[in-house]
Amino acid sequence: QVQLVESGGGLVQAGGSLRLSCAASGRPFSRYAMGWFRQAPGKEREFVAGINWSGGSTYYADSVKGRFTISRDNAKNTVYLQMNSLKPEDTAVYYCATDRPNVVVLSAPDYWGQGTQVTVSS
């Protein structure tokens, strides 16, 4: 059974930083691309960042480019999202997900985590 467990969310002031983690289990982690999505209240789920199976390729939505960094540690079965210069509009529930090995834009995720809340105060 595949499980994705996010952690690291919380409340932070605008301009601050948070690092999200997503620990995976249940299948060979290094064979799959990983990514982060977010969903704010009343809005559709938005793709934020993706990383391919090896970590050699990444993708960022324009809204977070230059502020967020996605990375992975295949030895620890964990993907990270370092979020700097946070803005109130980054407030959302953040979800990690898995997809086919060589994608960086996750268009057909097969597993999702339960989500972690990020709240940025102004």
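Coordinates for the structure precede this section.
Calculation rules
- Residues numbered from 1 in each chain as written.
- Predicted model: local features only at pLDDT ≥ 70, side-chain atom pairs only at ≥ 80, totals over all residues.
- Heavy atoms only, no water.
- Pairing = 2+ DSSP bridges.
- Helix = DSSP H or I, 4+ residues; strand = E, 2+ residues; numbered from the N terminus.
- Axes fitted to C-alpha atoms, helices over the stretch in contact; angles between N-to-C directions.
- 1 Å grid on protein atoms, 1.4 Å probe; cavity = no way out; pocket = protein on both sides within 12 Å on 5 of 7 lines; lining within 4 Å.
- Points joined across faces, edges and corners; volume = space filled by probe spheres on them.
- Nonpolar A, V, L, I, M, F, W, Y, C, P; charged D, E, K, R; others polar.
- Polar contact = N/O pair within 3.5 Å; in protein donor to acceptor, adjacent residues only side chain to side chain.
- Contact = heavy atoms within 4.5 Å.
- Phe/Tyr/Trp six-rings, centres within 6.5 Å; stacked < 30°, edge-to-face > 60°.
- Buried < 20%, exposed > 50% of the residue type's maximum accessible area, 1.4 Å probe, protein only.

1. Quick notes on the sheet that holds strand β1 (residues 3-7)
Okay, so step 1: Pairing within the open sheet is antiparallel, and its 4 strands lie in the order β1-β3-β8-β7. Only two strands of the sheet have a single partner each, and these edge strands are β1 and β7 (68-73). The average angle at which neighbouring strand axes cross in this sheet is 15 degrees, direction not considered.
Okay, so step 2: The pairing of β7 with strand β8 (residues 78-83) spans 6 bridges and is classified as antiparallel. Within β8, the residue paired with Ser 71 across the bridge is Tyr 80.

2. Regarding empty space enclosed by the protein
Okay, so step 1: In the structure shown here, the tally under the stated rule is 1 cavity of 30 Å³ or more.
Okay, so step 2: Its boundaries defined by the atoms lining it, the largest cavity holds a volume of some 40 Å³.
Okay, so step 3: In this structure, the largest cavity is lined by Val 2, Leu 4, Ala 24, Arg 27, Pro 28, Phe 29, Tyr 32, Met 34 and Thr 98.
Okay, so step 4: Of the residues assigned to the lining of the largest cavity, the class counts are 7 nonpolar, 1 polar and 1 charged.

3. Section: the side chain of Asp 90
Okay, so step 1: Summarising the element assignment, Asp 90 is placed in the loop between β8 and β9 (92-99).
Okay, so step 2: A polar atom in the side chain of Asp 90 sits 2.9 Å from the side chain of Arg 38.
Okay, so step 3: Look past the residues within four positions of Asp 90 in its chain and what remains in contact with it is Arg 38, Arg 67, Phe 68, Ser 85, Val 118 and Val 120.

4. Notes on the packing of aromatic side chains
Okay, so step 1: For the structure on display, the rule yields 3 aromatic pairs.
Okay, so step 2: Note on Phe 47 and Tyr 59: the rings are 5.7 Å apart at their centroids and 15 degrees apart in plane angle, and the pair reads as stacked. Of the two residues, Phe 47 sits in strand β5 (residues 46-51) while Tyr 59 sits in strand β6 (residues 58-60), which places them 12 residues apart along the sequence.
Okay, so step 3: Taking the relative accessible area as the measure of exposure, Phe 47 reaches 14% and is therefore buried.
Okay, so step 4: By way of ring pairs, the aromatic residues Phe 37, Phe 47, Tyr 59 and Trp 112 are connected into one cluster.

5. Overview of the environment of Gly 35
Okay, so step 1: As for its position among the elements, Gly 35 is in strand β4 (residues 33-39).
Okay, so step 2: Spatially, the C-alpha atom of Gly 35 lies 11 Å from that of Thr 78, the residues being 43 residues apart in sequence.
Okay, so step 3: Once residues within four sequence positions are removed from consideration, Gly 35 is found in contact with Ala 49, Gly 50, Ile 70, Tyr 95, Cys 96, Ala 97 and Leu 106.

These figures capture arrangement, not role.
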